[in-house]
Structure formats: C-alpha cells, structure tokens
2 protein chains.
Amino acid sequence: MLTERQKFILTLVIHEYTRTAAPVGSKNLVEQYNLEMSPATVRNEMAVLTDLGYLRQPHTSAGRVPTEEGYRYFVGRLLRETELPDATRRMISHQFYQTRHDIDEWMRLAASVLAHQARAASLVTAPHPERARLKHLELISTRGRQVLMVLVTAGGGIHQRLLTLPEPVQQEQLSETAARVTQLLQGKTADEVTQMRGQLHGLDEDVVDWVVEDMNQADSLTSGEVYLDGLTNVLAEPEFSASSEARRALRLLEERSLLYDLLSRTVLNANIGGVQVLIGGEGAWDELRQCSMVLARYGAPGVVTGTLGVLGPIRMSYGRAISTVRFIASLLSDMVAESLGD
Amino acid sequence: MLTERQKFILTLVIHEYTRTAAPVGSKNLVEQYNLEMSPATVRNEMAVLTDLGYLRQPHTSAGRVPTEEGYRYFVGRLLRETELPDATRRMISHQFYQTRHDIDEWMRLAASVLAHQARAASLVTAPHPERARLKHLELISTRGRQVLMVLVTAGGGIHQRLLTLPEPVQQEQLSETAARVTQLLQGKTADEVTQMRGQLHGLDEDVVDWVVEDMNQADSLTSGEVYLDGLTNVLAEPEFSASSEARRALRLLEERSLLYDLLSRTVLNANIGGVQVLIGGEGAWDELRQCSMVLARYGAPGVVTGTLGVLGPIRMSYGRAISTVRFIASLLSDMVAESLGD
DNA sequence: TTTAGCACTCTCAATATCAGAGTGCTAAAA
DNA sequence: TTTTAGCACTCTGATATTGAGAGTGCTAAA
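What counts and how
- Residues numbered from 1 in each chain as written.
- Chains lettered and ligands numbered in written order.
- Predicted model: local features only at pLDDT ≥ 70, side-chain atom pairs only at ≥ 80, totals over all residues.
- Heavy atoms only, no water.
- Helix = DSSP H or I, 4+ residues; strand = E, 2+ residues; numbered from the N terminus.
- Polar contact = N/O pair within 3.5 Å; in protein donor to acceptor, adjacent residues only side chain to side chain.
- Contact = heavy atoms within 4.5 Å.
- Near = heavy atom within 4 Å.
- Nonpolar A, V, L, I, M, F, W, Y, C, P; charged D, E, K, R; others polar.
- Buried < 20%, exposed > 50% of the residue type's maximum accessible area, 1.4 Å probe, protein only.
- Arc of directions from axis to C-beta.
- Buried area = accessible area lost by both parts, 1.4 Å probe.
- Salt bridge = Lys/Arg side-chain N within 4 Å of Asp/Glu carboxyl O.
- Pairing = 2+ DSSP bridges.
- Least-squares fit on C-alpha atoms with pLDDT ≥ 70 in both.
- Domains from an automatic or database assignment.
- Axes fitted to C-alpha atoms, helices over the stretch in contact; angles between N-to-C directions.

### A word on the side chain of Thr18(A)
Residues and elements named next belong to chain A.
- Residue position: Thr18 is located in helix H1 (residues 4–20).
- One polar contact links the side chain of Thr18 to the main-chain carbonyl oxygen of Ile14, over a distance of 2.3 Å.
- Every residue in contact with Thr18, bar those within four places of it in the chain, is listed here: Arg315, Met316 and Ser317.

Rendered as structure tokens:
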C-alpha cells in the first residue's frame with residue numbers, strides 16, 4: 001500500500017514524463033511543481049516506488065521513468081476521471097447533429113474528433129449487429145442478367161451485392177420478389193432464415209440463398225469498415241522517431257485481421273459504457289509494446305454495437321484519452337439509439 | 001541529346017540508387033554491372049549528366065544521385081514499359097473475380113494489391129459518376145417518424161440517409177411514394193430533377209428535395225471513400241526514417257481535402273488508360289517533395305470514373321509501379337464496365 | 001577517345017573528452 | 001523517526017578529433 005505522498009509523487013512523475021518524454025529527476029520535479037520537500041526526500045520515495053516496480057531507471061544515475069505497472073496503478077487507482085469541458089462537449093455534439101444522418105459520416109467524424117482530442121491515432125468500427133436481422137430487401141435490375149441486391153438490416157446497415165441471374169428478369173418481377181421475400185423474412189436472422197427454406201422455389205429460393213450468404217457475412221465480425229484517423233499524430237511522438245517501432249504499431253491498425261483479433265480478444269467482452277485501457281500491449285501484443293490503447297464499445301447492447309478507441313504511446317495522456325473515448329462512445333450510442341427509433 | 005551510353009549509365013545509376021538508396025560511384029557501378037569500361041570513363045559520362053542536370057552530387061567527392069529531372073527523363077524516355085508477369089496478372093484477376101461483387105470489397109482489394117505489388121502506399125477512390133443519375137430509390141420505415149432513404153445511382157453507387165418526417169407514415173405508403181418517385185426521376189441528374197419540381201406536392205415533393213440534396217452530394221468530388229493501404233511500406237524506406245518527412249507525406253493521404261485537391265489538379269484531366277507520374281511533388285506540393293506518385297484513372301469514360309495510384313519515395317521502382325497501376329486500373333475498369341452491364 | 005595514376009576532398013564511424021544531471025549514502029538537523 | 005544537506009560517484013549526450021574509405025577531377029599516356 002502506497003502512502004499518500006508516494007501516490008502523489010508517482011502521479012507527478014507520470015505527468016511530467018508524459019509532458020517531456022524524458023526521465024524525470026528529483027531536483028527537476030521539485031522545481032517544476034514547487035514541492036514543499038527537498039529533492040532528497042523525493043529521491044527516497046522514488047527509490048521505494050522503484051523497488052515496488054512502479055518506476056524504473058533507464059540507467060544508474062538517470063531520472064525515473066514509469067513502468068507499465070506504474071501506469072496500471074495510476075490508471076486503476078490514482079487517475080480521477082474527468083469529463084471533457086462543457087464547451088468542448090457541446091461543440092462536438094453540435095458537429096454530430098449537424099451531420100447528415102449517415103452512418104458513414106458519423107464514423108468518419110468520430111474518428112476525426114477522437115484523433116484530435118486525444119492527440120493520438122484513432123479507430124472506429126461501424127456498428128455491427130449482434131445478429132443481423134433483415135429489415136428490407138431490394139432487387140434492382142441493372143442490365144441484362146445483372147441484378148443489384150441491396151439488403152438493409154435492422155440497425156441501418158446496408159449491404160450491396162451484384163448478382164448474375166441465369167436469365168433476364170423484368171424489374172417489375174424483381175420488385176415483387178423482393179417484396180415477397182422481405183415480407184417473409186423480415187426480422188429474421190440468417191439462422192432462422194436457413195431453417196425455413198424448402199418452403200420456397202424458383203427465383204425466391206435463389207434470392208433467399210443469397211440473402212443468407214450476405215447476412216452471414218454481415219454477422220462475421222470481420223465485416224465492415226474500420227475508420228482510422230490521426231495516424232500522423234503517433235508518428236510525431238518522439239519515441240517513434242526511430243520509426244521501426246512506429247511501423248509495427250501502425251501495421252496493427254492497417255492489417256485488419258490483426259486488428260480484429262485484438263478487438264475481439266479484448267473489448268468484445270466489455271460493457272457498453274466501460275472503457276478499457278491496454279497498456280504496452282499487456283504482454284500479449286508484441287506490436288503494441290510501445291503503445292497503449294484506450295478502447296470502448298458503443299451502441300445498443302444486444303442489438304448493434306461497435307468499437308472505438310485511440311492508440312498512442314505508453315506515455316499518452318490517459319485522462320484526456322479516457323474522457324474523450326468515453327464521451328464519443330456515449331455520443332455514438334445516443335446517435336445509434338436514435339436512429340433505431342425511440 | 002544524350003548518347004546511348006549516357007542513357008545507359010543514367011539508367012544504371014537510377015537502378016542502383018533505387019536498390020541501395022546511397023549515392024552511386026563510378027567504380028562501384030562498373031563492378032556491380034561488369035561494365036566493359038573503366039571507372040574513369042563512367043566518371044566522365046557522369047560529369048556530363050551532372051552538367052545536364054540529370055544527376056547531382058550530394059557533396060564534392062561523393063557518388064551521384066539522380067535529380068528529379070533525371071527521373072523525369074528516365075520515366076519519359078528511357079523506361080520501357082513492361083507488363084506484370086502473366087502469372088501475377090492471372091493471380092490478381094482471380095482474386096478480383098472471386099470477390100463478391102461488392103464495390104467496397106473491390107476497392108479494398110485494389111488498394112491491397114497495389115500496395116503489395118508496388119511496395120508502396122496505395123490509394124484508390126471509389127468510382128464516381130461524372131453526373132450522378134438516379135437509378136432507384138427506396139424508403140424504409142425504421143420506427144416512428146424515422147425513415148431510411150436508400151438511393152442507388154447508375155453505376156452502382158449507394159447513398160443512405162436517415163430522414164425524420166413531420167409525421168409517421170406507413171411502410172406501404174412509403175413504398176408507393178418511392179416507386180412513384182423512382183418512376184418519375186429515373187435516369188435524371190440532380191439538375192434535371194431540380195427543373196421538374198413544382199409538378200409535385202406533399203410527401204413526394206419533400207422526398208424529391210432530399211433526393212436532389214443527396215445527388216448533389218454524390219456529384220461533389222469530395223464525396224466517397226478513399227481506400228488506403230500499405231502506409232507502412234513507405235515508412236520502411238530509409239529516407240523516411242527521419243520520420244518528419246514521412247509525416248508530411250502521410251498527412252497528405254490522411255487529410256482528405258489535401259488529397260482531393262491533389263487529385264483534382266492532376267489526374268482528373270488524364271485519360272482512362274493513361275498513367276500519370278508525379279515526381280517530387282513537381283514543385284507544387286511541398287508535402288511530396290520527397291515522394292513520387294503514380295496515378296491513373298479507371299472506369300467508364302463519361303459515366304463513372306475513379307482514381308487510383310501509389311505513393312512512394314522518389315527513388316521508387318517506377319517500372320513496377322507503373323505496370324501495376326496500369327494493370328489494376330484496367331482491371332477495375334473491366335469490373336466497373338461489367339457491373340454496368342454489357 | 002579511353003584509361004591509368006594521383007592528389008585532393010568529404011563523409012562517416014570510432015574515440016576521446018567533459019559538463020551536467022541524477023543517484024545513493026551518510027550524517028546532521030528537525 | 002523523518003527530513004535534508006552534502007558529497008562522491010556514475011552515466012549520458014554533446015562536441016571535438018582523427019583516420020580510413022570512397023569518390024572525384026585532372027593530366028598525361030595509351
């Protein structure tokens with residue numbers, strides 16, 4: 001158990017290190033923050049914190065740097081959660097409500113705001129149904145045997161696909177089929193639809209097959225866009241000027257399969273509203289050894305959910321990141337809820 | 001006018017420099033390529049090329065580095081266009097034809113293949129109608145007064161938007177309205193639609209207004225996604241290890257407004273099938289001073305077109321980049337043509 | 001016209017030096 | 001018992017020095 005003063009000093013060291021990215025020494029700390037104690041006292045406390053594994057010295061006779069353990073303690077126990085300033089929140093909300101009601105646009109905006117506010121790279125995944133349920137189906141003749149199938153799922157997801165029919169079909173007949181199938185399958189999941197095949201035949205049957213295929217695809221986690229922004233923010237950080245570390249981290253964001261793996265293993269079991277903090281890859285992701293992520297889910301629990309978060313250097317400002325992520329997540333949840341109808 | 005030998009040496013210098021990223025000296029060149037002449041001869045020729053502005057010396061008594069002018073000469077006159085190996089082309093085609101017929105998926109795949117083949121960052125913009133023409137309109141009730149409007153334009157573009165009506169309307173009535181409006185406006189551009197307002201009233205009128213708004217948005221160049229890939233490829237290049245240069249270049253790709261400006265000023269007046277090469281920003285784009293881009297348009301001329309290309313260091317392999325860009329552009333053109341019906 | 005020879009230049013890596021910042025310990029002060 | 005002043009010691013990072021290596025341009029011979 002740390003004394004109050006030790007907690008205080010740990011906080012200060014972390015704060016100072018986030019600011020300067022350089023090991024922080026006792027004398028410096030006392031001067032910077034006008035502490036009421038001598039550097040020697042600070043040194044003693046620092047020695048204790050070092051023994052406990054919360055700080056470490058890059059070399060004998062250098063200042064102290066927070067360890068990952070130190071950050072975890074800080075984030076878990078010392079960081080008092082703050083909210084974004086009222087003005088900022090209003091400004092951000094305003095931007096969202098000004099946007100056309102277009103999911104795509106929301107995602108982009110969310111990524112952009114996250115990146116700016118947290119001054120880090122940001123990622124946002126589109127809201128994703130727990131199990132896609134059909135809301136509406138449309139078949140649109142393009143030319144000859146080509147047909148564009150547009151599938152709307154509950155929650156507002158849209159999936160399109162170009163089909164080639166065995167023989168040309170009039171638009172009118174296509175519309176009828178679409179209407180019939182919509183009627184029949186509305187509100188059903190892919191699995192439920194699969195069970196009620198056999199009662200169908202001809203064009204309808206083929207269409208239903210395609211619908212199932214599309215909905216299964218929609219169900220798979222790896223579908224859908226990931227919106228990134230602010231990648232250059234993380235490149236600007238001094239610890240990434242060596243660039244090879246930066247590459248590894250950015251590759252994680254670029255390589256969708258890696259990213260999905262990460263998201264599915266961490267954030268999927270989190271609650272809506274809860275913010276998860278991943279410090280230094282938590283030993284599991286080598287690419288993130290130099291990075292931290294702050295992640296949250298948003299959406300309507302059990303219906304559609306998405307993930308969003310930021311990625312920055314370990315010495316990122318967790319306070320700012322967490323409050324931003326939390327706010328944007330709740331904002332997006334509201335937007336989604338509203339678009340579902342309320 | 002250069003002698004054949006000078007052209008040959010320029011080519012070799014460029015080749016060697018792309019390979020090693022270090023200034024290339026006469027002796028080294030002779031050894032590497034088993035030239036039938038002495039280093040002194042090569043030195044003399046290099047001196048001529050330097051006088052002509054095609055090579056330069058970073059410092060007295062260092063090897064030679066190609067200037068931008070040198071690259072331009074090379075790309076314009078010396079580079080004999082090659083095609084990707086047959087096997088590679090078949091493999092890539094195969095990947096495309098295996099994909100669901102989903103524009104989104106194609107774009108992603110194109111970006112990915114470009115990045116891999118050219119070993120550079122890639123960008124692909126979705127095909128964009130010269131002037132969007134309405135193909136189909138759908139109105140889908142979500143709940144209460146919320147209505148999802150789905151608008152399909154000729155060329156397969158899909159735009160969605162969430163509307164709030166003044167009062168609840170039944171799905172049935174919405175479908176009727178949608179069908180009516182589709183009937184009326186099919187094949188029309190936003191401008192043409194605007195001219196025929198006044199003949200309408202009630203819900204129809206509102207819907208038409210929204211359609212016009214959406215189609216105008218679709219017309220504006222800045223709409224639509226830009227697909228990026230392989231950003232980490234360019235970070236891996238030694239000239240960007242200093243990272244601040246890399247940041248500037250990547251910012252161009254991230255900041256959509258900058259990117260659109262670039263694309264609109266360069267590639268929009270290019271022909272389909274033509275590949276444009278931008279070397280060192282051509283003096284106009286400061287962010288690209290250290291970079292080159294190889295760009296092309298694809299699509300059906302006069303109907304829908306998109307842009308794609310790669311971004312790499314100035315010393316990228318232009319041969320590989322150009323042949324890849326050309327191939328993918330023609331492939332995407334085929335895909336688009338096919339999806340338009342043929 | 002080409003090439004061998006040579007003096008000269010410039011970079012880059014390795015090495016040495018040194019001020020500055022920080023530490024831990026001890027002993028005195030509170 | 002806790003805090004602090006003092007001090008010897010350590011390590012880094014900036015700066016300067018040096019020397020090998022690579023490359024050049026020029027001249028004169030082939």
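### Structural notes on the protein's contact with DNA strand C
- Close to DNA strand C lie 20 residues; Ser26(A), Arg64(A), Thr41(B), Thr60(B) and Ser61(B) are nearest.
- Restricting attention to atoms of DNA strand C within 4 Å of the protein, one finds that 75% of them are sugar or phosphate atoms.
- One nitrogen or oxygen atom from the side chain of Thr41(B) is found 2.2 Å from a phosphate oxygen belonging to DNA strand C.
- A distance of 3.0 Å separates a phosphate oxygen of DNA strand C from a polar side-chain atom of His59(B).
- Counting only elements with at least two residues in the surface near DNA strand C, the list comes to helix H2 (26–33) and helix H3 (39–51) of chain A together with helix H3 (39–51) of chain B.
- The element contributing the most residues to the surface near DNA strand C is H3(B), with four residues.
- For the surface near DNA strand C, the class distribution of residues is four nonpolar, twelve polar and four charged.

### Some details on helix H2 (residues 26–33) of chain B
Residues and elements named next belong to chain B.
- All of the buried residues along H2 are Ser26, Leu29 and Val30. For H2, the angular spread of the buried residues around the axis is 100°, confining them to a single face. Exposed side chains of H2 directed beyond 90 degrees from the buried face belong to Lys27 and Glu31.
- Where the residues of H2 are buried, they touch helix H1 (4–20) and H3.
- The first or second residue beyond H2 is Asn34, which carries a positive phi of 50°.

### Observations concerning the interface of chain B and chain A
- If you look at the interface, chain B gives 43 residues, while chain A gives 43 residues.
- Carbon and sulfur atoms supply 53% of the area that chain B and chain A bury against each other, a total of about 4100 Å² over both sides.
- It is Arg100(B), Gln160(B) and Glu254(B) in chain B that bury the most area against chain A; as a group they hold 15% of the surface buried on that side.
- Taken together, the connections running from chain B to chain A amount to zero salt bridges.
- Between chain B and chain A we count nine residue pairs in polar contact (both at pLDDT 80 or more) in total.
- A total of seven residues in the side of chain B that touches chain A trace back to one element, the largest contributor, which is strand S5 (residues 134–143) of chain B.
- Along the lines of polarity and charge, the residues of the side of chain B that touches chain A split into twelve nonpolar, 15 polar and 16 charged.

### Looking at the pairing of strand S10 (residues 291–300) of chain A
Residues and elements named next belong to chain A.
- Counting buried residues in S10 gives ten out of ten residues, a clear majority hidden from the surface.
- Side chains Cys291, Met293, Leu295, Arg297 and Gly299 of S10 all project onto a buried face; the interleaved residues Ser292, Val294, Ala296, Tyr298 and Ala300 project onto the opposite face, where all are buried too.
- As judged from the five bridges shared by strand S9 (residues 275–279) and S10, these two strands associate in the antiparallel manner. Bridge pairing in S10 places Gln276 opposite Leu295.
- Judged from the ten bridges that link them, S10 and strand S11 (residues 304–313) form a sheet pairing that is antiparallel. When the bridges of S11 are listed, Cys291 appears paired with Pro313.
- Remark: three residues form the turn of the hairpin made by S10 and S11, two consecutive strands paired antiparallel; Gly302 in that turn has positive phi of roughly 85°.

### Some details on helix H12 (residues 256–266) of chain A
All names here are of chain A.
- Turning to H12, its buried residues number three or more, namely Leu259, Tyr260, Leu262, Leu263 and Thr266. The buried residues of H12 all sit within an arc of 160° when viewed along its axis, so they share a single face.
- Buried residues along H12 sit against strand S3 (121–125), strand S8 (226–229), helix H11 (244–254), S9, S10 and S11.

### Regarding the relation of the copies chain B and chain A
- Overlaying chain B with chain A gives an RMSD of 0.1 Å, the required rotation being 180° about an axis along which the chain moves by 0.0 Å. Here the two chains are linked by the operation of a two-fold rotation axis.
- Comparing interface residues between copies, 100% of those in chain B also sit at the interface in chain A, which points to an isologous, same-surface contact.

### A word on the protein's contact with DNA strand D
- Around DNA strand D, the surrounding shell holds 20 residues, and the nearest of these are Thr41(A), Thr60(A), Ser61(A), Ser26(B) and Arg64(B).
- At the protein interface, 75% of the atoms of DNA strand D within 4 Å belong to sugar or phosphate.
- Taking Ser38(A), its main chain carries an N or O atom lying 3.2 Å from a phosphate oxygen of DNA strand D.
- In this structure, Ser26(B) approaches DNA strand D through a side-chain N or O atom, which is 2.6 Å from a phosphate oxygen.
- Elements that contribute at least two residues to the surface near DNA strand D include exactly H3 of chain A together with H2 and H3 of chain B.
- No other element matches H3(A), which puts four residues into the surface near DNA strand D.
- Residues that form the surface near DNA strand D fall into these classes: four nonpolar, twelve polar and four charged.

### Quick word on the domain arrangement of chain A
Residue and element names in this part refer to chain A.
- Considered domain by domain, chain A is made up of domain 1 (4–78), domain 2 (86–126 + 224–340) and domain 3 (134–219).
- The C-alpha-based centres of domain 1 and domain 2 are spaced at 28 Å.
- Listed as interface residues are seven residues of domain 1 and, on the opposing side, twelve residues of domain 2.
- The interface formed by domain 1 and domain 2 includes one salt bridge.

### Topic: the sheet that holds strand S5 (residues 134–143) of chain A
Residue and element names in this part refer to chain A.
- A sheet is described by the order of its strands in space; here three strands give the open sequence S5-S6-S7, paired in antiparallel fashion. Each having just a single partner strand, S5 and strand S7 (158–164) make up the two edges of the open sheet. Neighbour-to-neighbour, the strand axes of this sheet turn through a mean angle of 20°, independent of strand direction.
- The sheet contact formed by strand S6 (residues 146–153) and S7 spans seven bridges and is antiparallel. If you follow Leu148 over to S7, its bridge partner there is Leu162.

### A look at the sheet that holds strand S7 (residues 158–164) of chain B
Residue and element names in this part refer to chain B.
- Taken together, the three strands give an open sheet; going across it, the order is S5-S6-S7, and neighbouring strands pair in antiparallel fashion. The open sheet has two edge strands, S5 and S7, and neither has a second partner. Within this sheet the neighbouring strands show an average axis-to-axis angle of 20°, counted without direction.
- Bridge count between S5 and strand S6 (residues 146–153): eight bridges; the pairing is antiparallel. The residue of S6 that forms the bridge with Leu137 is Leu151.

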